[in-house]
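Secondary and tertiary structure notes
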Amino acid sequence: MRRHTVRGRRWWLWLGGLAAAVVLAQALVQTESGRRRWDAWRLRLPVLGTLALETEVARMCRTLGSLLQSGVPILRALSIVKETMGNRVLEESLVRVQDGVRRGEGVAGPLRATGLFPSLATHMITVGEETGRLEGDVAADIGPGLAKAAVAAVVDGKTVGLDTPLADEGQVDLRIL
């Protein structure tokens, strides 16, 4: 008696199911609630979520710093930054930050209260607010610092960044196989 496996003989069912799942996922992401769920799920991913969060926050800080250095008022700058965010969850958190700024709470407190933003960013924004140099600190320090932290990789069990010499002391074998 011959046994037929579902994978072997009916491969087209698997392919069709996969195609249907992709189409369904794309349709769900097109809705506002589906996009929010997708973005929240992306931020919860173990390594890639941290990378996505730090990349978005670095972009946000660079944009906010540039706008503030150009003389744009803080509420208008936050509104512009919110529109440039690629993640609905972070975008919604900036609405709460805007509300906090309107109430006179500053930027760092409401950012910290969201629980989403890295402590490095909220701490440096706090320092910038306390010293009266928020424009310079946000643009010059936080954005590039987070961008560098976001672009990290694991090589031979060690976390390295763009400025780490990979071939130093024989840590990595760079031969092409």
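The text that follows walks through the structure, step by step, so that each part is easy to find. Note that the structure is a prediction, hence the values are computed from the model and not measured. (Residues numbered from 1 in each chain as written. Predicted model: local features only at pLDDT ≥ 70, side-chain atom pairs only at ≥ 80, totals over all residues. Heavy atoms only, no water.)

A few words now on the overall build of the protein. Scanning the protein for helices and strands turns up 9 helices and 2 strands. Element order for the protein, N to C, with α for helix and β for strand: α-α-α-α-α-α-α-α-α-β-β. Residue burial in the protein is summarised as follows: out of 177 residues, 29% are buried. Looking at the protein as shown, the accessible area adds up to about 11600 Å², and 58% of this sits on carbon and sulfur atoms. (Helix = DSSP H or I, 4+ residues; strand = E, 2+ residues; numbered from the N terminus. Buried < 20%, exposed > 50% of the residue type's maximum accessible area, 1.4 Å probe, protein only. Areas by Shrake-Rupley, 256 points an atom, 1.4 Å probe, with all protein chains shown as cover.)

The next thing to look at is helix 8 (residues 119-131). Compared with an ideal rise of 1.5 Å per residue, which puts 13 residues at 18 Å, helix 8 spans 18 Å between its outermost C-alpha atoms and is within 8% of the ideal. Where helix 8 is concerned, the buried positions are Ala121, Thr122, Ile125, Thr126 and Gly128. The arc enclosing the buried residues of helix 8, seen along the axis, measures out at 165 degrees, which places them on a common side. The exposed set on the far side of helix 8, more than 90 degrees from its buried face, consists of Ser119, His123 and Glu130. Just downstream of helix 8, Gly132 is the residue with a positive phi angle, here 75 degrees. (Expected span 1.5 Å × (residues − 1). Arc of directions from axis to C-beta.)

On to the packing of aromatic side chains. Per the stated rule, a full pass over the model turns up 1 aromatic pair. Between Trp38 and Trp41, the ring centres sit 5.2 Å apart and the planes meet at 35 degrees, which makes this aromatic pair tilted. Here Trp41 and Trp38 lie together in helix 3 (residues 32-44), a separation of 3 residues that amounts to about one turn. Assessed through its relative accessible area of 38%, Trp38 is described here as partly exposed. (Phe/Tyr/Trp six-rings, centres within 6.5 Å; stacked < 30°, edge-to-face > 60°.)

By the secondary structure assignment, Ala52 is in helix 4 (residues 48-69). Measuring from C-alpha to C-alpha, the distance between Ala52 and Gly86 comes to 10.0 Å, with 34 residues separating the pair along the chain.

On the surface, a cluster of nonpolar side chains totalling about 480 Å² of accessible area is made up of Trp11, Trp12, Leu13 and Leu15. Within the fold, Trp11 resides in helix 2 (residues 11-30). (Patch = residues over 30% accessible without salt bridge, like charges linked within 9 Å, V, L, I, M, F, W, Y side chains within 5 Å. Salt bridge = Lys/Arg side-chain N within 4 Å of Asp/Glu carboxyl O.)

Okay, the side chain of Glu56 next. With respect to the element layout, Glu56 can be found in helix 4. For Glu56, a relative accessible area of 9% corresponds to the buried category. Excluding residues that lie within four positions of it along the chain, Glu56 makes contacts with Met85, Gly86, Asn87 and Leu90. (Contact = heavy atoms within 4.5 Å.)

Next up on the list: the nonpolar core. Inside soluble globular proteins, nonpolar side chains tend to come together where they are buried. Met60 and Leu94 are the most contacted members of the largest nonpolar core, which has 25 residues in total. Counting only elements with at least two residues in this core, the list comes to helix 3, helix 4, helix 5 (74-84), helix 6 (88-102), helix 7 (108-114) and helix 8. With 7 residues, helix 4 is the largest single contributor of residues to this core. If we ignore the near neighbours within four places in the chain, the residues touching Met60 are Val81, Met85, Leu94 and Phe117. (Core = buried A, V, L, I, M, F, W, Y, C linked by side-chain atoms within 4.5 Å.)

Moving on, we get to the packing of helix 2 against helix 3. For the pair helix 2 and helix 3, the least separation of the axes is 5 Å and the interaxial angle reads 105 degrees. In terms of their interaxial angle, helix 2 and helix 3 are classed as roughly perpendicular. Every residue of helix 3 that contacts helix 2 at Leu28, Val29 and Gln30 is listed here: Glu32, Gly34, Arg35 and Trp38. In terms of residue class, the contact of helix 2 with helix 3 is built from 3 nonpolar, 2 polar and 2 charged. (Axes fitted to C-alpha atoms, helices over the stretch in contact; angles between N-to-C directions. Parallel < 35°, antiparallel > 145°, perpendicular 65-115°, else oblique. Nonpolar A, V, L, I, M, F, W, Y, C, P; charged D, E, K, R; others polar.)

Such coordinate-based values are descriptive only and should not be taken to indicate function.
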